[in-house]
Amino acid sequence: MTTRLLECLFKPKSVALVGASGRVGSLGRAVFDNLRAGGFKGTLSLVNPRHKELEGLPCVARISDLPAVPELVVVAAPRDVVPALVAEAAAIGVKGAIVITADPEHGVGSLAAQLAEIARTTGIRVVGPNCLGLVSPRSGLDASFAAHRALPGDLAVISQSGAVATALLAWAHERKVGFSGLVSVGDMADVDFADLLDYFALDHQTRAILLYVESIGDAKGFMSAARAAARVKPVIVIKSGRHPRAAKAAATHTGALAGADAVYDAAFRRAGLLRVNDISELFAAAEALGRIKAFTGDRAAILTNGGGLGVITVDNLLDLGGKLAEISPETMAILNATLPVTWSHANPVDIVGDADAHRYRVALTALLDDDANDAVIVVHCPTALSKSEATAKEVVAVVQEHRRASLQPKPVFVVWLGATQASDEMFEAARIPNYRSGATRGFMHVVRWRENRDALMAVPPNLPADFEPDVAAARSIVADALAAGHTWLGPVAITGLLEAYDIPIAPARMAATPEDVAAPAAALIAQHGACVIKILSPDITHKSDVGGVVLGLETPEAAVAAARAMLVRIAAAKPQARLEGVTVHPMVRRPHARELIAGIAEDPTFGPVIVFGRGGKAVEVINDRALALPPLDLRLAHDLIERTRVVRILRTYRDEPAADIDATALLLVKLSQLSADIPEIRELDLNPILCDDKGVIVIDARIAIAPAQSPHQHGSNLRFAIAPYPKGWERDLTLRDGAKIFLRPVRPEDEGLYRAFFESVPALDLRLRFFAPVKEFSHTFVARLTQIDYARAFAICAIEKDTGFMVGGVRLIKDAEATSGEYAILLRSDYKGRGLGWNLMKLMIEYAQDEGLARIEGQVLAKNTTMLTMCEQLGFRVRDDPQEHGIKLVRLNLQGQPDLAARLPV
């Protein structure tokens, strides 16, 4: 995951085409023609041993024969010679290669595998192989064999399919939509989705990013880059393969519910991406998001000259989750005074079939001035009295007047039936999203993107202060089971594990023989009125399917008899199953409880996934479930619950009291933390969970375990696609004067903590930290500091134990190559000179070394002599910034000093 040298792919000064050809219909000729037609201003060189010149340009036999080293090579040569060509290019100093050549093979020995190794060992950046190529319109670079030329614009395209990329180019050509860049990534030997998302996220000429995904290899890199990009601009994704022909068999209900596409959907949602299902919807989203900035609200006013069209538009809007706006009394009065009496007097505003351009002007102006709506969808059907071009001209004029007069102009979407080239050009020039149909979908795409972006920046509620799982006890239970060769935890071990995380469960007592059932049954019956007997066998996955569950046993004798009969019956029905006895549980009676399921499934791409839905025996048949990638906080857990149908019966209905949804959300957060702390858990199934107004309790559970493929890293599960909260970096600190400080990584819910901290810091200290006066601590400002992607950054807050107030903090932001990091630190004034700053810097250095960074860098105001002195004492090299007066650059080299942090005094 790096943007290193990507600039040479999009803005090269010189390009060499390897495999250039004069033969019409050949790949080399198609790419050659596009390179010349694109208007590339740099040097274009040709390589092909069969030619001395092509179309007047000299052609050399080898890359090393070129008179000057090109920045970029485009390879359209036969498959067998490609690795040697790219290696030769890297050897003479070429920075990038676009390999268009196809290869049907995958895996070891494939062209992609060979190119990946060359890129890794030489540093050359490689796009492809097996791709359409790359287009950078502003550079005049068309290194592709696409049929249509791309115009300069602000949409970026990253496509795993060359065919989808060509379809987008054809659509854009027709609509005169331009691109900031288009990349067909092919087999992604080197440059991948994450690299390009990072590049386009920082590209100020890109407004929105369109992705076509078939599969993702580096889930961690993708999620980190996608989340970062989605915070700053729309990212729209289409993923193929939504309906696999066959689902793999799963050992648990949770595993069966977690289908591959559902996991991708959960990943896209968590990253803040806007998912669409087909090319036409992708075009609709691009049409809107390429022209409209985010706006607040989801209330649409609809203006039309056809009643039927207005009703269809309303249906589409409501189907997609939008809201039909009211018309304010003031606007109603204006419309009544200016429109004919036959108008609809409601939204949709039907100004009837004889509406001319002037009537559209009057109605649209009134709706744009109405605070009761957030956007206007204009629908036009040409009639003999309503000319398409004249009405389009008037609509454009009204929109432009509104934009000039308003600080926050409303978006307008148009559906222009019977459009002409002239009307299309008017809307294109005014950057008004223009559809033949589907404007409501375009409107809702912008709404959903804004909601996704806001969700990424939202502050979750605090977890209960008393939630402190016994991680050591839980790990011991799992370790003991693995040491004994088990792949599934037994019921007693499951009880202990869940209790360590304060997850309520009907406890299990083991009985090896029917006679052993009597004592635990008597105790449970005395306490709960009845007990339950369940078969205990590592070979029986779903106990109820084989009659392995007996409920409501009210005497010890009945329990013993039930156990004896169960063992005989199942031994006859399943002679190969190993029967280890039975387990005895309390009979939990909750007449108003709803049955739920929750669990952890393992996805081969994204790692652990949290699953929630309606539980019980028919869980797969009902198939009411939602998925989310961990880690979860309470806000994300509530969102997961809200995406299921079962949430409707968790609320009050008829004579049923509302169930405790907050307790359900907390259980999901606990499962997420359990998965983070114990990567040996590969699959976990809680089904059913009974939920009512008294809370939740797990009735049955299954947990699959396996040795962790990677060791624990500061208490985190390395299989998480999203870096979890790094609990292992928590520290207790006693300063020289005895003050007790708790150091811990920053959490999203720390916004209030940070705001109070900033308010306690003098203005001068804030200026020294942020290099400018800070006048307000807005949500957006503070969210950037508290919502940390720990795959890219590290942030520690120092909390005074006596008061709970934040008194300092340090952060380190990794560069795109993850080779260095830039630090920042801030202390409350009364903690300066007491050793807190030193210990924060020491911890930050320890983290940087643990991450394998080569250096730490920073900028310090020359006036901040205290910070500069501490940097020198820590071993930083200090020098003047040659580009900014009054700024000092500080750098600490970590290479060759593996024990630096340990050697620094406390």
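To keep things clear, this report deals only with the structure shown in the data block. (Residues numbered from 1 in each chain as written. Predicted model: local features only at pLDDT ≥ 70, side-chain atom pairs only at ≥ 80, totals over all residues. Heavy atoms only, no water.)

### Observations regarding the overall build of the protein
And then number 1: Tallying secondary structure elements over the protein gives 30 helices and 38 strands in all.
And then number 2: Computed over the C-alpha atoms, the radius of gyration of the protein is 32 Å, within 12% of the 29 Å expected from 2.2 N^0.38 for a compact globule of 906 residues.
And then number 3: On the principal axes, the C-alpha backbone points of the protein span a range of 95 × 80 × 65 Å.
And then number 4: When burial is assessed residue by residue, the protein has 55% of its 906 residues classed as buried.
And then number 5: For the protein, the accessible surface area stands at approximately 38,100 Å², while carbon and sulfur atoms represent 53% of it. (Helix = DSSP H or I, 4+ residues; strand = E, 2+ residues; numbered from the N terminus. Rg over C-alpha atoms; globule rule 2.2 N^0.38 Å. Buried < 20%, exposed > 50% of the residue type's maximum accessible area, 1.4 Å probe, protein only. Areas by Shrake-Rupley, 256 points an atom, 1.4 Å probe, with all protein chains shown as cover.)

### Observations concerning the pattern of salt bridges
And then number 1: The full count for this structure, using the stated rule, is 52 salt bridges.
And then number 2: One salt bridge connects Asp 454 with Arg 450, and the closest N-O pair in it is separated by 3.5 Å. Here Asp 454 and its partner Arg 450 are both found in helix α16 (residues 439-457), 4 residues apart, which amounts to about one turn of the helix.
And then number 3: For Asp 454, a relative accessible area of 37% puts it in the partly exposed group.
And then number 4: In this structure, the salt-bridge partner of Lys 801 is Asp 732, at a minimum N-O distance of 2.7 Å. (Salt bridge = Lys/Arg side-chain N within 4 Å of Asp/Glu carboxyl O.)

### Here we look at the sheet that holds strand β3 (residues 53-54)
And then number 1: Reading across from one edge, β3-β4-β2-β1-β5-β6-β7 is the order of the 7 strands in this open sheet, with mixed pairing throughout. Because the sheet does not close on itself, it has two edges, and the strands there are β3 and β7 (125-127).
And then number 2: Pairing geometry for strand β1 (residues 14-18) and strand β2 (residues 43-47), over 5 bridges, is parallel. Its bridge partner lying in β2, Val 15 is registered against Leu 44.
And then number 3: On the sheet, helix α2 (residues 27-37) packs against β1, β2, β3, β4 (57-60) and β5 (72-75) and is oriented at approximately 160° with respect to β1. (Pairing = 2+ DSSP bridges. Contact = heavy atoms within 4.5 Å. Axes fitted to C-alpha atoms, helices over the stretch in contact; angles between N-to-C directions.)

### Notes on the packing of helix α14 (residues 388-405) against helix α15 (residues 421-429)
And then number 1: At a minimum axis separation of 9 Å, α14 and α15 run at an interaxial angle of 10°. Here α14 is positioned roughly parallel relative to α15, judged by the angle of their axes. Each of Ser 388, Glu 389, Ala 392, Lys 393, Val 395 and Val 396 in α14 lies in contact with α15, whose residues at this interface are Ala 422, Ser 423, Met 426 and Phe 427.
And then number 2: A breakdown of the residues in the contact of α14 with α15 according to their chemical character gives 6 nonpolar, 2 polar and 2 charged. (Parallel < 35°, antiparallel > 145°, perpendicular 65-115°, else oblique. Nonpolar A, V, L, I, M, F, W, Y, C, P; charged D, E, K, R; others polar.)

### With respect to the sheet that holds strand β10 (residues 151-159)
And then number 1: Spatially, 7 strands are ordered β9-β8-β11-β10-β12-β13-β14 in an open sheet, and the strand pairing comes out mixed. Each end of this open sheet is capped by a strand with a single partner; those strands are β9 (141-144) and β14 (274-276). The mean inter-strand angle of the sheet, taken between neighbouring strand axes irrespective of direction, is 20°.
And then number 2: Pairing of β10 with strand β12 (residues 208-213), which is carried by 5 bridges, proceeds in the parallel orientation. When the bridges of β12 are listed, Val 157 appears paired with Leu 210.
And then number 3: Helix α9 (residues 260-271) rests against β12, β13 (235-239) and β14 of the sheet, and its axis sits at about 175° to β13.

### Concerning the packing of aromatic side chains
And then number 1: Under the criterion given, the structure shown has 20 aromatic pairs.
And then number 2: When the ring of Tyr 199 is compared with that of Phe 200, the centres are 5.4 Å apart and the planes differ by 80°; the resulting orientation is edge-to-face.
And then number 3: The class for Tyr 199 is buried, based on a relative accessible area of 11%.
And then number 4: Relative to Phe 758, the ring of Phe 757 has its centre 5.7 Å away and its plane inclined at 35°; by these criteria the two rings are tilted. One exposure class covers both Phe 757 and Phe 758, and it is buried. (Phe/Tyr/Trp six-rings, centres within 6.5 Å; stacked < 30°, edge-to-face > 60°.)

### A word on helix α20 (residues 556-573)
And then number 1: Here α20 spans 26 Å end to end across 18 residues, near enough to the 26 Å set by a 1.5 Å rise per residue.
And then number 2: Burial in α20 covers these residues: Ala 559, Val 560, Ala 562, Ala 563, Met 566, Leu 567 and Ile 570. The buried residues of α20 occupy an angular sector of 160° when the element is viewed end-on, so they sit on one face. Opposite its buried face, α20 presents the exposed residues Glu 557, Val 568 and Ala 572, each directed more than 90 degrees away. (Expected span 1.5 Å × (residues − 1). Arc of directions from axis to C-beta.)

### A short note on the nonpolar core
And then number 1: Membership of the largest hydrophobic core comes to 67 residues, with the highest contact counts inside it found for Leu 197, Leu 211, Phe 222, Leu 273 and Phe 606.
And then number 2: Apart from residues no more than four positions distant in its own chain, Leu 273 is found in contact with Leu 211, Phe 222, Ala 226, Ala 230, Val 235, Val 237, Phe 268 and Asn 452.
And then number 3: If you look at the next biggest cluster of nonpolar residues, it comprises 58 residues, including Leu 753, Leu 785, Ala 795 and Trp 838. (Core = buried A, V, L, I, M, F, W, Y, C linked by side-chain atoms within 4.5 Å.)

### Comments concerning unusual backbone geometry
And then number 1: Here Asn 347 and Pro 348 are connected by a cis peptide whose omega angle stands at 10°.
And then number 2: With respect to the secondary-structure elements, Pro 348 resides in the loop between α12 (329-338) and β17 (349-350).
And then number 3: With an omega of 5°, the peptide bond between Pro 630 and Pro 631 qualifies as cis.
And then number 4: Positive phi values are uncommon outside glycine, yet Val 352 reaches one of about 65°.
And then number 5: Here Val 352 lies in the loop between β17 and α13 (357-368).
And then number 6: Although it is not a glycine, Asp 502 sits at a positive phi angle of roughly 55°.
And then number 7: With respect to the secondary-structure elements, Asp 502 resides in the loop between α18 (491-500) and β21 (509-511).

### Description of the pairing of strand β24 (residues 581-586)
And then number 1: Most of β24 is tucked away: 6 of the 6 residues are buried.
And then number 2: Pairing analysis gives 3 bridges linking β21 to β24, with the strands arranged antiparallel. The partner of Ala 511 across the bridge, within β24, is Val 582.
And then number 3: When strand β22 (residues 531-536) meets β24, the two strands line up antiparallel, connected through 6 bridges. By the bridge assignment for β24, Ile 535 is matched with Val 582.

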